[in-house]
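Report on the structure
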Amino acid sequence: MLKACWRMGSLSKGKEVHAHVTKTGLDSDVYVGNALLHLYGSTGQVTDARRLFDGMPHRDLASWNTLLGAYNDNAVEVLVLFKRMMYEGIGGDHISMVIVFSACGKIGGTEFGKEVHGYVIKVGIRPALSLSNALLWVYTRCGEMDAAQSLFVEMAAMRDVVSHTILFNGYVDMGSIDLARGIFDQMSVKDLVSWNSMIHAYVKAKHPKKALELFRKMENEMVEPDETTMVSVLAACASLADLQNGRLVHRFILQNNLRQDLFVGTALIDMYAKCGSLEEAMVTFYKMDSRDVFTWTTAIEGLANHGHGDKALSLFTKMEKQGIKPNQATFVSILMACSRSGLVKEGCLLFKRMVEAYQIQPKIEHLGCLLDILSRAGLLHQAEEFIKLMPPEEKIIANKTLLSACMNHLEYDLGEKIANGLTELSSQSHATHILLSNFYALAGQWAEVAKMRRAVKETDIRKVPGISSVDIKT
DNA sequence: CTAGGGTTAG
């Protein structure tokens with residue numbers, strides 16, 4: 001009965017059964033208890049699962065494993081619970097270990113993983129395939145590809161699709177995409193996940209054409225794509241700015257009855273916006289029946305990139321009204337919108353709100369946007385003050401931005417101050433010398449210009465084009 | 001009861 005409930009994912013029916021079982025006293029049975037645990041765990045009711053577990057008169061290993069499984073999204077809780085298991089003298093089996101290893105991989109800590117590995121050897125749990133795969137995953141997640149490779153070799157007799165996929169994804173994370181492809185091509189059995197992984201790897205590595213090529217190959221081999229495939233393929237179209245192809249993919253999604261979930265919807269919005277069709281992006285946005293912070297941020301970014309700062313702002317306001325909490329990426333988009341559209345006051349207020357109301361630590365992207373906003377508006381002294389708040393390693397680039405702004409606004413005095421600072425701060429970079437040379441030329445300080453030209457010649461033998469002409473933006 | 005894949009940012 002309870003099995004039927006969890007297969008249907010019906011929590012309410014399960015609760016009815018739970019009540020009935022409690023009345024008849026059947027709930028003291030371990031099997032019934034475990035079934036209930038699974039029901040709550042699989043429907044995301046982790047707190048209920050925990051309460052039930054704590055109140056169970058009898059528990060067996062399956063009860064512990066089921067609770068571990070319920071905590072699968074919370075790696076720290078898994079490790080805490082496992083420590084308690086060891087403390088209470090409950091020896092885990094290979095199922096517990098798979099969950100625990102997975103948690104170690106998510107946290108990325110090798111120490112605990114190694115500790116657990118030692119425990120597995122000590123207790124003598126047979127390294128079943130699932131356990132070896134989980135360990136393989138821990139190694140790849142911790143960047144220990146040598147260890148992963150040798151474990152993979154040890155597993156030669158029992159490797160499956162999952163082992164291969166874990167290994168080549170490890171190489172992808174290291175940036176060795178060709179190595180990854182080599183493993184992928186050698187796999188005699190490929191499933192949906194391995195295809196999706198390899199396609200996505202090309203998208204991540206900025207090889208969108210190869211991603212699309214592989215997608216076609218997947219179709220030729222009659223493997224049915226799913227939503228995850230579509231997200232990667234849409235991202236590939238977006239980075240190629242290939243609207244025709246993007247529309248074809250959209251049609252493909254509709255024709256094959258693939259779900260337009262949050263991921264697919266967001267990828268569609270991004271694709272249309274990046275391919276230049278803001279209208280289709282916004283139609284997609286408004287058609288979606290649920291939207292999360294990614295969806296909103298993507299739409300705001302699209303509006304910003306198309307120069308609609310005002311619309312981006314009102315969408316941001318709408319988002320807040322709907323109770324969606326913006327994150328740091330949202331603020332990058334909205335500040336970018338302000339910077340592009342010259343919305344000085346709004347940009348400053350939003351920056352303030354980000355720090356004060358949302359307690360988001362400004363990252364260099366945010367600082368850069370605000371600096372841009374101030375510089376373009378000619379608020380150069382405020383920009384100068386602002387640079388003082390930036391981390392030292394960003395000050396050079398920030399001062400270059402400010403110096404360019406000084407040139408655009410013909411602010412020689414401040415410009416000279418910045419230029420002097422830059423001469424001291426800066427490494428002997430070409431770009432800096434050229435910028436300084438241009439500034440001094442604009443300010444009519446020919447002695448300094450000569451000095452900078454000499455510096456340019458010293459740092460590079462190559463002739464730098466354009467050095468003798470002064471670029472004045474009008 | 002367990003393991004591998006997906007969305008935002010010059």
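Residues numbered from 1 in each chain as written. Chains lettered and ligands numbered in written order. Predicted model: local features only at pLDDT ≥ 70, side-chain atom pairs only at ≥ 80, totals over all residues. Heavy atoms only, no water.

Points about the protein's contact with DNA strand B
Counted only if it meets this: A molecule or strand has a residue near it when one of that residue's heavy atoms lies within 4 Å. For the purposes of these results, a polar contact is taken to be a pair of N or O atoms within 3.5 Å, where, inside protein, one atom must be able to donate a hydrogen and its partner to accept one; residues adjacent in sequence count only when each atom of the pair is a side-chain atom.
Of all residues adjacent to DNA strand B, which total 45 residues, the nearest are Asn133, Asp191, Asn196, Glu301 and Met336. Backbone atoms, meaning sugar and phosphate, form 44% of the atoms of DNA strand B found within 4 Å of the protein. The separation between a base nitrogen of DNA strand B and a polar side-chain atom of Asp191 is 2.7 Å. Within the contact set of DNA strand B, a sugar or linking oxygen lies 3.2 Å away from a side-chain nitrogen or oxygen of Ser197.

Quick notes on the packing of helix α14 (residues 208-220) against helix α15 (residues 227-240)
Stated precisely, the cut-off is as follows: A fitted line through C-alpha atoms represents every axis, and for helices the fit uses only the stretch in contact; the resulting angles, taken between N-to-C directions, go from 0 to 180 degrees. A helix here means a DSSP run of H or I that spans at least four residues, while a strand means a run of E at least two residues long, and both kinds are numbered starting from the N terminus. Working definition: roughly parallel below 35 degrees, roughly antiparallel above 145 degrees, roughly perpendicular at 65 to 115 degrees, and oblique for all remaining angles. Helix crossings get a hand from a simple test, with the near helix turned counterclockwise from the far one by less than a right angle marking a left-handed crossing and a clockwise turn marking a right-handed one. Residue contacts are counted whenever heavy atoms from the two residues lie within 4.5 Å of one another. For this classification, the nonpolar set comprises Ala, Val, Leu, Ile, Met, Phe, Trp, Tyr, Cys and Pro, the charged set comprises Asp, Glu, Lys and Arg, and every other residue, Gly included, is treated as polar.
For the pair α14 and α15, interaxial distance at closest approach is 9 Å and the crossing angle is 140°. Taken together, α14 and α15 sit at an angle that is classed as oblique. Crossing hand, α14 versus α15: left-handed. Seen from α14, the contacting residues are Pro208, Lys209, Ala211, Leu212, Phe215 and Met218; seen from α15, they are Thr229, Met230, Val233, Ala236, Cys237, Ser239 and Leu240. Among the residues making up the contact of α14 with α15, the classes are represented as ten nonpolar, two polar and one charged.

What to know about the UniProt feature "repeat: PPR" (unreviewed entry) in chain A
The line we're drawing: UniProt positions are given in the numbering used here, feature names are shortened, and annotations may be inferred rather than shown by experiment.
The UniProt record annotates "repeat: PPR" (unreviewed entry) at residues 29-63, 191-225 and 292-326. Spanning residues 292-326, this segment combines 74% helix with 0% strand, and its end C-alpha atoms are found 10 Å apart.

Overview of the packing of helix α3 (residues 30-42) against helix α5 (residues 61-70)
As a packed pair, α3 and α5 sit with axes 9 Å apart at the nearest point and diverge in direction by 5°. One way to sum up the angle between α3 and α5 is to call them roughly parallel. Residues Val30, Asn34, Leu37, His38 and Gly41 of α3 lie in contact with α5, whose contacting residues are Ala62, Ser63, Thr66, Leu67 and Ala70.

Concerning the side chain of Asp226
Along the chain, Asp226 turns up in the loop between α14 and α15. Of note is the side chain of Asp226, whose polar atom sits 3.2 Å from the backbone nitrogen of Thr228. Ignoring any residue separated from it by four or fewer positions in sequence, one finds Asp226 in contact with Leu192, Asn196 and Leu258.

Section: unusual backbone geometry
So the rule is basically this: Working definition: with a 1.4 Å probe on protein chains only, accessible area under 20% of the residue-type maximum means buried, over 50% means exposed, and in between means partly exposed.
In this structure, Met222 is a non-glycine residue whose phi angle is positive, near 60°. If you trace the backbone, Met222 turns up in the loop between α14 and α15. For Ala241, which is not a glycine, the phi torsion comes out positive at approximately 55°. Position of Ala241 among the secondary structure elements: in the loop between α15 and α16 (243-255). Classification of Ala241 as partly exposed rests on a relative accessible area of 45%.

What about the packing of aromatic side chains?
For clarity, the cut-off: Two rings belonging to Phe, Tyr or Trp (six-membered ring only in the last case) form a pair when the distance between their centres is within 6.5 Å. Interplanar angles under 30 degrees mark stacking, angles over 60 mark edge-to-face geometry, and anything in between is tilted. A ring is scored as having a charge over it whenever the NZ atom of a lysine or the CZ atom of an arginine sits within 6 Å of its centre and within 35 degrees of its normal.
Within this structure, the stated rule accounts for eight aromatic pairs. Taken together, a centroid distance of 5.7 Å and an interplanar angle of 85° make the contact between Phe168 and Phe184 edge-to-face. Taken together, the positions of Phe168 in helix α11 (residues 161-173) and Phe184 in helix α12 (residues 177-186) put the pair 16 residues apart, joining distant regions of the chain. The pair formed by Phe168 and Phe184 is uniform in burial state, with each residue classed as buried. Between Phe285 and Tyr286, the ring centres sit 5.1 Å apart and the planes meet at 80°, which makes this aromatic pair edge-to-face. When its relative accessible area of 1% is taken as the criterion, Phe285 is described as buried. Each member of the aromatic cluster is reached from another via a ring pair, and the members are Phe168, Phe184 and Trp195. For Arg59, the ring lying beneath its charged end belongs to Phe53, and the centroid distance is 4.5 Å. If you follow Lys190 out to its NZ or CZ, it ends over the ring of Phe184, 5.1 Å from the centre.

What to know about helix α25 (residues 392-408)
The test is simple: What a helix is expected to span follows from its residue count: subtract one and scale by 1.5 Å.
Across its 17 residues, α25 extends 25 Å between first and last C-alpha, which sits within 8% of the 24 Å expected from 1.5 Å per residue. Residues of α25 that are buried: Ala398, Asn399, Lys400, Leu402, Leu403, Ala405, Cys406 and Met407. The first or second residue beyond α25 is Leu410, which carries a positive phi of 50°.

Details of the confidence of the model for chain A
Worth spelling out the cut-off: Values of pLDDT, ranging from 0 to 100, describe the predictor's confidence in every residue of the model.
Confidence in the prediction of chain A, expressed as mean pLDDT, is 86, and 94% of residues score 70 or more. Per-element mean pLDDT across chain A ranges from 69 in helix α1 (residues 2-8) up to 97 in α15. In this model, residues 466-474 is a region of pLDDT below 50 whose contacts with residues beyond four sequence positions or in other chains number nine contacts.

Looking at the state of the cysteines
Note: disulfide means a covalent bond formed between the sulfur atoms of two cysteine side chains. Spelled out, the test is: We call a pair of cysteine sulfur atoms a disulfide when they lie within 2.5 Å.
The tally for this structure, following the rule as stated, stands at zero disulfides. Left unpaired, Cys237 is separated from the closest cysteine sulfur, that of Cys275, by 6.7 Å. Residue classification places Cys237 among the buried residues on the basis of a relative accessible area of 0%. Cys338 takes part in no disulfide bond, and the closest cysteine sulfur to it belongs to Cys348, at a distance of 8.8 Å.

Examining a nonpolar patch on the surface
The following threshold applies: Nonpolar side chains (Val, Leu, Ile, Met, Phe, Trp, Tyr) are joined into patches within 5 Å and like charges within 9 Å, using only residues with over 30% relative accessible area and no salt bridge. With residues, only the protein chains shown are counted as cover, and all accessible areas are computed by Shrake-Rupley using a 1.4 Å probe. Throughout this description, the term salt bridge denotes a Lys or Arg side-chain nitrogen within 4 Å of a carboxyl oxygen of Asp or Glu.
Where nonpolar side chains cluster on the molecular surface, the patch consists of Val76, Val80 and Ile107 and spans about 260 Å² of accessible area. Considering the arrangement of structural elements, one finds Ile107 in helix α7 (residues 94-107). Exposure remark for Ile107: the relative accessible area of 44% places this residue in the partly exposed category.

Topic: helix α22 (residues 344-356)
Every α-helical turn comprises 3.6 residues, leaving residues that sit three or four positions apart pointing alike. The line we're drawing: Directions are taken from the helix axis to each C-beta atom, and the arc is the one they span.
The terminal C-alpha atoms of α22, which comprises 13 residues, lie 18 Å apart, in line with the 18 Å expected from a rise of 1.5 Å per residue. Buried residues of α22: Gly347, Leu350, Phe351 and Met354, and no others. Seen along its axis, α22 keeps its buried residues to an arc of 105°; they face one direction. Facing away from the buried side of α22 by over 90 degrees, the exposed positions are Lys345, Leu349 and Glu356. In this structure, the buried residues of α22 make contact with α20 (309-321), α21 (328-341), α23 (364-376) and α24 (380-387).

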